[in-house]
Amino acid sequence: MVAGAFPIAKLLYLGVRQLSKPLATRIKDGARASPFFRQYICGPPAQLYHWVEMRAKMRIMGFRGAAIKPLNEDVAAELGAELLGEAIVFGVGGLCIFLEYSRQSTNSKKKEDELNSTLLGLQEQVAELTLTVETLDAQLREMHRVLVEVSAAPK
């Protein structure tokens, strides 16, 4: 078994994603406890999410002009904390996908560069061999000409 074939990067990415869930939970708990996070970080996205969700539900049910009441502060903080936690997990997952894509593209570029350098080396060798064959052909023709002259010379 080849040691380089083990996908260590994928294992690390999976570990990071698994660690992001408890991290998101701790951030959510901190966001629920902090008045600053409740009011400025968790509240506005939760209110926006609630407004968009309720607007969509009202339109589906046929109520076009119905007013939507904002959430109270505790419910908004809870919903905002959940949204924040999900955004963290989603962000870490997206980052893992981006890093894996970047790693794969780097590997494929490296392989392509190696193939291009091998191809250029082979082309140079072919050019050198062509020049050698032409030189040897010219020498052979010269030797043949000299041999014909020597054999045609009177004895």
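Residues numbered from 1 in each chain as written. Predicted model: local features only at pLDDT ≥ 70, side-chain atom pairs only at ≥ 80, totals over all residues. Heavy atoms only, no water.

- The name recorded for the chain in an unreviewed UniProt entry is Outer mitochondrial membrane lipid metabolism regulator OPA3, from Varanus komodoensis.
- Of the chain, the UniProt comment under Function (unreviewed entry) reads exactly: "May play some role in mitochondrial processes."
- The record held by UniProt for the chain lists under Sequence similarities (unreviewed entry) the comment "Belongs to the OPA3 family." (UniProt positions renumbered as here; feature names shortened; annotations may be inferred.)

### Let's talk about the side chain of arginine 38
Here comes step 1: Looking at the element boundaries, arginine 38 is found in helix H2 (residues 35-61).
Here comes step 2: Residue classification places arginine 38 among the buried residues on the basis of a relative accessible area of 18%.
Here comes step 3: If we skip the residues at most four places from it in the chain, arginine 38 touches Ala31, Arg32, Gly43, Glu73, Asp74 and Ala77. (Helix = DSSP H or I, 4+ residues; strand = E, 2+ residues; numbered from the N terminus. Buried < 20%, exposed > 50% of the residue type's maximum accessible area, 1.4 Å probe, protein only. Contact = heavy atoms within 4.5 Å.)

### A word on the packing of aromatic side chains
Here comes step 1: According to the stated counting rule, one finds two aromatic pairs in the structure shown.
Here comes step 2: When the centroid spacing of 6.1 Å and the interplanar angle of 90° are considered together, the rings of phenylalanine 36 and phenylalanine 37 count as edge-to-face.
Here comes step 3: For phenylalanine 37, a relative accessible area of 32% translates into the label partly exposed.
Here comes step 4: With a centroid separation of 5.3 Å and an interplanar angle of 45°, the aromatic rings of phenylalanine 36 and tyrosine 40 are classed as tilted. With a gap of four residues between them, phenylalanine 36 and tyrosine 40 both fall in helix H2, about one helical turn apart. (Phe/Tyr/Trp six-rings, centres within 6.5 Å; stacked < 30°, edge-to-face > 60°.)

### A few points about the pattern of salt bridges
Here comes step 1: Applying the stated criterion across every chain yields a total of eight salt bridges.
Here comes step 2: Close ionic contact of arginine 145 with glutamate 149 constitutes a salt bridge, the shortest N to O distance being 2.5 Å. Of this pair, arginine 145 and glutamate 149 both sit in helix H3 (residues 73-152), four residues apart, which is roughly one turn of the helix.
Here comes step 3: Residue class for arginine 145 comes out partly exposed when judged on its relative accessible area of 40%.
Here comes step 4: Assessed through its relative accessible area of 47%, glutamate 149 is described here as partly exposed.
Here comes step 5: Each of Arg38, Glu73 and Asp74 takes part in a single network of salt bridges with overlapping partners. (Salt bridge = Lys/Arg side-chain N within 4 Å of Asp/Glu carboxyl O.)

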